[in-house]
Amino acid sequence: MENWRKSSYSGGGDGNNCVEIATSSTHAAVRDSKAPARAALTFPADAFAPFLEALRTHPRRW
């Protein structure tokens with residue numbers, strides 16, 4: 001995926017403490033902005049919204 005963009009919640013400074021997402025018509029991907037060359041977590045497009053909702057509903061349940 002080529003269209004990576006940083007989270008709007010990245011805060012001030014150089015924004016290195018956030019995630020980036022990229023989307024296509026079939027998939028959405030998330031990666032760590034501090035290590036963009038590492039693997040990205042990729043979802044089918046229709047599974048990405050439920051993933052985000054789960055994060056909002058159950059923050060930091062690990």
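Residues numbered from 1 in each chain as written. Predicted model: local features only at pLDDT ≥ 70, side-chain atom pairs only at ≥ 80, totals over all residues. Heavy atoms only, no water.

**A look at the environment of A40**
Assignment of secondary structure puts A40 in the loop between β3 (27-32) and β4 (41-44). Under the relative-accessibility criterion, A40 is labelled partly exposed at 35%. Measuring from C-alpha to C-alpha, the distance between A40 and M1 comes to 9.9 Å, with 39 residues separating the pair along the chain. Beyond its immediate stretch of four places on either side in the chain, A40 contacts W4, A29, V30 and R31. (Helix = DSSP H or I, 4+ residues; strand = E, 2+ residues; numbered from the N terminus. Buried < 20%, exposed > 50% of the residue type's maximum accessible area, 1.4 Å probe, protein only. Contact = heavy atoms within 4.5 Å.)

**Regarding the pattern of salt bridges**
Applying the stated criterion across every chain yields a total of three salt bridges. A salt bridge links E20 to R31; the nearest nitrogen and oxygen atoms lie 2.6 Å apart. Placement of the pair is E20 in strand β2 (residues 19-23) and R31 in strand β3, with a sequence separation of 11 residues. With respect to burial, E20 and R31 carry one shared label: buried. One salt bridge connects R56 with E53, and the closest N-O pair in it is separated by 3.5 Å. On the criterion of helical spacing, the pair formed by R56 and E53 is a turn pair, its members being three residues apart in helix α1 (residues 45-57). Since its relative accessible area comes to 58%, R56 is described here as exposed. Of the residues examined, E53 reaches a relative accessible area of 40% and is grouped as partly exposed. (Salt bridge = Lys/Arg side-chain N within 4 Å of Asp/Glu carboxyl O.)

**Some words on the packing of aromatic side chains**
Here the structure, examined in full by the defined rule, presents three aromatic pairs. Taken together, a centroid distance of 4.4 Å and an interplanar angle of 35° make the contact between F43 and F51 tilted. With a relative accessible area of 13%, F43 lands in the buried category. What makes F51 partly exposed here is its relative accessible area of 24%. Among the aromatic residues, those joined into a ring-pair cluster are F43, F48 and F51. (Phe/Tyr/Trp six-rings, centres within 6.5 Å; stacked < 30°, edge-to-face > 60°.)

**Focus on the pairing of β2**
The side chains of a regular strand alternate between the sheet's two faces. Every second residue of β2 is oriented toward a common face, the buried set being E20 and A22 and the non-buried set V19, I21 and T23. Of the pairings in the sheet, the one linking strand β1 (residues 5-6) to β2 comprises two bridges and is antiparallel in character. Bridging from a neighbouring strand, R5 pairs with I21 of β2. Summarising the sheet, β2 and β3 pair through five bridges and their orientation is antiparallel. Note that in β3 the partner of I21 across the bridge is V30. Counted between consecutive antiparallel strands, the loop separating β2 from β3 contains three residues. (Pairing = 2+ DSSP bridges.)

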